[in-house]
Structure formats: C-alpha cells, structure tokens
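An overview of the molecular structure
Each chain is listed here by its residues.
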Number of protein chains: 2
Amino acid sequence: MTVTLLGTGGTQPLPDRALASACITVGGSTVLLDCGEGTQTAARRWGVSIFKMDAVLLTHYHGDHLFGLPGLWQTMAALGRTAPLVVAGPEGLSQVVRVLYALAGPLPFPLRLQELTDGRGSFEIPCGQVEAFPLRHRVDCCGYALTLPRAGRFDPERARAAHIPLRCWSVLQSGRPTEGFLPSQVLGPPRRGLKVVYATDTRPCPALRKAARDADLLMMDATYADDADLPKARLYGHATCREAGELAARAGVRRLWLTHYSAAVTDPGPGLAAARQAFAPAEAGRDGMSLTLKFDPD
Amino acid sequence: MTVTLLGTGGTQPLPDRALASACITVGGSTVLLDCGEGTQTAARRWGVSIFKMDAVLLTHYHGDHLFGLPGLWQTMAALGRTAPLVVAGPEGLSQVVRVLYALAGPLPFPLRLQELTDGRGSFEIPCGQVEAFPLRHRVDCCGYALTLPRAGRFDPERARAAHIPLRCWSVLQSGRPTEGFLPSQVLGPPRRGLKVVYATDTRPCPALRKAARDADLLMMDATYADDADLPKARLYGHATCREAGELAARAGVRRLWLTHYSAAVTDPGPGLAAARQAFAPAEAGRDGMSLTLKFDPD
C-alpha cells in the first residue's frame, strides 16, 4: 500500500503547492482523495497513474477539493477508460456530479456514486475497504479510512489434521470457503492489517479520533501553523498543526502527516514543531511525499 | 502592452506545460485569453496579477480552455474583487456560465457577459478594443484581436493658429473634444497602434487571415509539429506548425508564436523549423514567454 500526497495546500493552488489531495495505491488500483484544480497535473508530476484510479473520494464540495474532477474525467476518457469509476462524497453528491457532468460529459465510462448519508458509509473499492465518517467543517464534510484487512495465519498442521486436500489450501488461505471446508478451520485470528485515514477539512472531533484509532497513517487538516490562529481555525472549521498533533496522540496513530496548509504558511517548520510537542513522529506533509506501508512482520 | 503566454499545451495539462492561455496587460488592467485547469496557477507562476484581470475571453467551451474558470473566480473573490468581470465567448456562453456559477457562486463581483453571435463581435474592455472573429474548429469557436489604437500626432502650430487655449491641449491630444474644439483640429491622421491576435483552436481560415492582417503578434494553434499529422489536424480542427507559419506570412503579421501543442510534441524544434520555412520570424511559444510591445517610433 503506497500513499502519496499530491498536494498540501488549502483554498488556492500555488505554483509550488498543489491543492490538498492524496492517493493510495494497492496492487494495480489507486484511490484518489479529493480532486481540486491541478490534482491531475500533480498526479503526473509525482508519477501516479491516472489510468489506475478506480475511485475518487470527495470530502466535501468546496472548490479547492472538487474543481479538478471534470478535467480528470476527460483525461481518463482520453486515456481510454471504460471501467466504472466510483465517486463518493457526502450528501449532495448526485447534484454536484450532475453539474460537473454537464461540463465534462458524455464520458465513455460509468460513474458509480456512493452518496454518504450523514457523512457515514462503508463500501468496498478495488483498493480495500472504505469507511466514511463525518468531520466538523462549515459544510457537510467527511473523512475516509481505507483499510486493507489481513487474514489470520495459515496453519498447515490444522489443515493436515482436518484432511483438507492440498488443492484447497490457497483458497482457504485467501479467506474463502471451498469444497465444504471453511477458512476458520485453518486460519488463526485475523492479524493487524493496514489503515490509512484522510481527514480534511475539519476541526478536531470525536468521530475523527475514533476513525483514526491505531491507524498506520493519518493525513489531517493543519491549516494554521501558529497557535494564535486558533480562533480562525474555529471560525472556518479547520485545525492548527498543534491540534492535529494532539488528535494524533489521542487516537494512537503511528504516523501523522500535516496537510491543507493555509497559503500564509510558507514555512511548515513552526507548525511542525507545535505538532511534535504533542506527537513526536508528526511530519510536515509536502507535495510528492510518498510512503509504502507493509504489514507488520509476523 | 505586455503579452505573456501562461500555457502552451492542448487537451491535457502537464507538469511542465500548462494548458494554452495568454494574457495581455495594458496599464493597470489585464485580459485573460482562455482559462483551462491550472491557468490561475500559471498566472502566479509567471507573475501575472489575478487581481488586475478585468476580462476573460473564451475561445470555446472545450474543457482545456474552460475548466479553470470557477477556481479563478473563487480566487478573485478571495482577493477581494468587487469590480465587474467581463466574460466573453461564442454562443452558449450564458448557459456555460450558469453551470460554472452553480459550482463556484455566489461571487462578490458581477459578471458582464459578452455572448458573440456567430463568433463575431466588437467591444471595449479596460485593456483596449476587442474584435472577435469566427475560427474553424469542431465546435463554435472564435479568435480575438485586441487593438490599442493610437491617435494622430498633435500639432501645436495648428492649435495656436486656431487660438485653442493651452488648458485644452491635453484633452484634445487624448482624442476627446472640449470647449467646442475638436481633436481633428489639432491631430494628424491616426497612427499605427498595436494589435495582438489569439487564435486557437482552429484550422487556418480566411476570417483568421483577415483578422490577423498586420498584427504585431499572432498566437496561433500549432497542435501538430509534423506535416504528416495534417490529416489529424483536419479531422480535429487544428493546425500544423507549418500551416501556422504559412498563415502568418499571408496575413503579414510581424511576429508569430506557436501554441496549443499536442501532448505528443515534446520537442518544438521540428515544428518551429517547418513554420520558419514559411515565416522566418516564427517562434515556438513556451510557458512564461513574455513580450512588451511598444508603439512604433514616430
């Protein structure tokens, strides 16, 4: 599972900082999180295949998270896409997509909409399992947790003891029943998988803390670097870097990437320092930053 | 009058080549020609003030010329714009703007639409005089000529002979009547002004040749570098670099910038060479290229 930050800016795209967006690639499939103006260009810049994008998860419908979608669709069409594209987002999705489609359509591939009531929902995409949860912004907004589950360890002793033929082993190992045998006969308890959480734009909130619990990576709104901007953060429904660090610590995540910086944040250093006071492993997100996550060693 | 190419690419925005767009600044005002995804970022990159943009002239409504407009509007709003913004384009403009406004609005500044019937129209913007003319593309499309007229030379002898008071001289010199005196009493015949022509996407065509007549600068569709791509150029309503050179030569322009390259054109060299066989002063447009045009010396 490879996570790449395509952009880390809020509100306006800048020459050296694209609008906040990330993508996660698992095997041959990629999920895109938010799509502001310039996201498709950032994907090219950082070597992320647009063709492999099978799902776009939108946090909300402010322009800086949305206006790149019609261009992305047309590029997908130009690249010959015919496979369905999942598009998920909070309530209002079908209306927003209708307007975008009026600009960009017709398209040679179908859109499969996942409109999330109250910002909640759970669905599968080629990359893994998506859990949406409500964020606290000025408008309906939701965050996303992508999890890659991991089956329990296969126990050949139990397989032999149950007289399960060798031809069935790999199927059972992958978690599927076969020829009357069940995975539970040969697998240990499920092992820790991988979980990546994307949460912007938002104030810190309980739903985010809960969704981020034990995540391998949390990418979180850190619009303001300076603690003195906390009133603005409250007013506009964003978080400070320090707040992101505090939430990461309380949620017990393994890694935190700060993102969605205000255009006024030209140096992420002071914000990072504030976040690290609460959560030492915090990192300042930067465009093109990438990380490959692997299952824990057994 | 300063002309800047904000981008030179067709169809898809690339990390090192923004979508075709140009702007022209005269005094404190700028006119933007086309606005694909990423145009506002390119403006920042090349030091062009978004705040000074008083008019956006759209050639047509393909996404690569249009999808940057809602984001540009929102950035203008964030910068505190309240002054009206002229938006011009061929037939269908009001419908297109309605869809874009549904995405980006409400805005704190009014839009003044100039919908051009049959791609033709003449109107004034703060930068100068705009003349729209029909191009030959797959959809309704128009080019634009921006002219900055220049009054005749002021003749103080004639002013004295007509007993015109000194206080009236500068008003008459600027071409306006005052206190019963007429500019024609003191000005010689109008002198050559400045004319810049923007024409993409298009096949070479008589309306363009006519509009480009004697222009100081023509920026023209040169999608294909290789003469062998002429059938594609005909099919998709574009021009080859050689055709752009030929048209420039026939129109008697002073300068030609090739633009709107296909993504397949990674080296503009061969296309430029072909254009120069017909028109020696041709230049390969590149992102950020800029030129300040001045009136001819008297």
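Residues numbered from 1 in each chain as written. Chains lettered and ligands numbered in written order. Predicted model: local features only at pLDDT ≥ 70, side-chain atom pairs only at ≥ 80, totals over all residues. Heavy atoms only, no water.

1. Thoughts on unusual backbone geometry
Note the cut-off: Each helix corresponds to a stretch of at least 4 residues labelled H or I by DSSP, and each strand to a stretch of at least 2 residues labelled E; elements are numbered beginning at the N terminus. Exposure categories follow from relative accessible area, calculated using a 1.4 Å probe and restricted to protein chains: below 20% of the type maximum is buried, above 50% is exposed, and the middle band is partly exposed.
The omega torsion across Gly-105 of chain A and Pro-106 of chain A is -5°, close enough to zero to call that bond cis. Relative to the elements of secondary structure, Pro-106 of chain A occurs in the loop between α3 (93-104) and β6 (111-116). The omega angle of the peptide bond from Thr-200 of chain B to Asp-201 of chain B is 5°, so this bond is cis rather than trans. As for its position among the elements, Asp-201 of chain B is in the loop between β10 (191-199) and α6 (206-212). Even without a glycine there, the phi angle at Thr-11 of chain A is positive, about 70°. Along the chain, the position of Thr-11 of chain A falls in the loop between β1 (2-7) and β2 (21-26). Owing to a relative accessible area of 53%, Thr-11 of chain A belongs among the exposed residues under this scheme. For Asp-118 of chain A, which is not glycine, the phi torsion reads 55° and is therefore positive. Following the sequence through the fold, Asp-118 of chain A ends up in the loop between β6 and β7 (121-125).

2. Focus on the relation of the copies chain B and chain A
Put simply, the rule is: When the copies are superposed, the least-squares fit takes in the C-alpha atoms of residues with a pLDDT of at least 70 in both. By definition in these notes, contact holds between two residues if any of their heavy atoms fall within 4.5 Å.
When chain B is fitted onto chain A, the two copies agree to an RMSD of 0.0 Å after a turn of 180° and an axial shift of 0.0 Å. Look at the turn and shift together and you get a two-fold axis relating the two. Both copies contact each other with a shared surface, as 96% of the interface residues of chain B are interface residues in chain A too.

3. Quick notes on the interface of chain B and chain A
The condition is simple: Here the quantity called buried area is the total loss of accessible area, with a 1.4 Å probe, experienced by two parts when brought into contact, counted for both. The working definition used for a salt bridge is a side-chain nitrogen of Lys or Arg within 4 Å of a carboxyl oxygen of Asp or Glu. Each polar contact in these results corresponds to two N or O atoms within 3.5 Å; when the atoms are within protein, one needs to be able to donate a hydrogen and the other to accept it, and residues that are neighboring in sequence are counted only if both atoms are side-chain atoms. Under the scheme applied, nonpolar residues are Ala, Val, Leu, Ile, Met, Phe, Trp, Tyr, Cys and Pro; charged residues are Asp, Glu, Lys and Arg; polar residues are all the others, including Gly.
Counting residues at the interface gives 27 residues for chain B and 26 residues for chain A. Where chain B abuts chain A, roughly 2200 Å² becomes buried across the two surfaces, and 61% of that area is made up of carbon and sulfur atoms. Three residues, Glu-37, Phe-67 and Leu-103 of chain B, lead the burial of chain B against chain A; their summed loss comes to 31% of the area buried on that side. Inspection of the chain B/chain A interface yields zero salt bridges. Run the count over chain B and chain A and you get eight residue pairs in polar contact (both at pLDDT 80 or more). Put simply, the parts of the chain that give the side of chain B that touches chain A at least two residues each are α1 (39-45), α2 (69-78) and α3 (93-104) of chain B. Considering only residue class, the side of chain B that touches chain A consists of twelve nonpolar, eleven polar and four charged.

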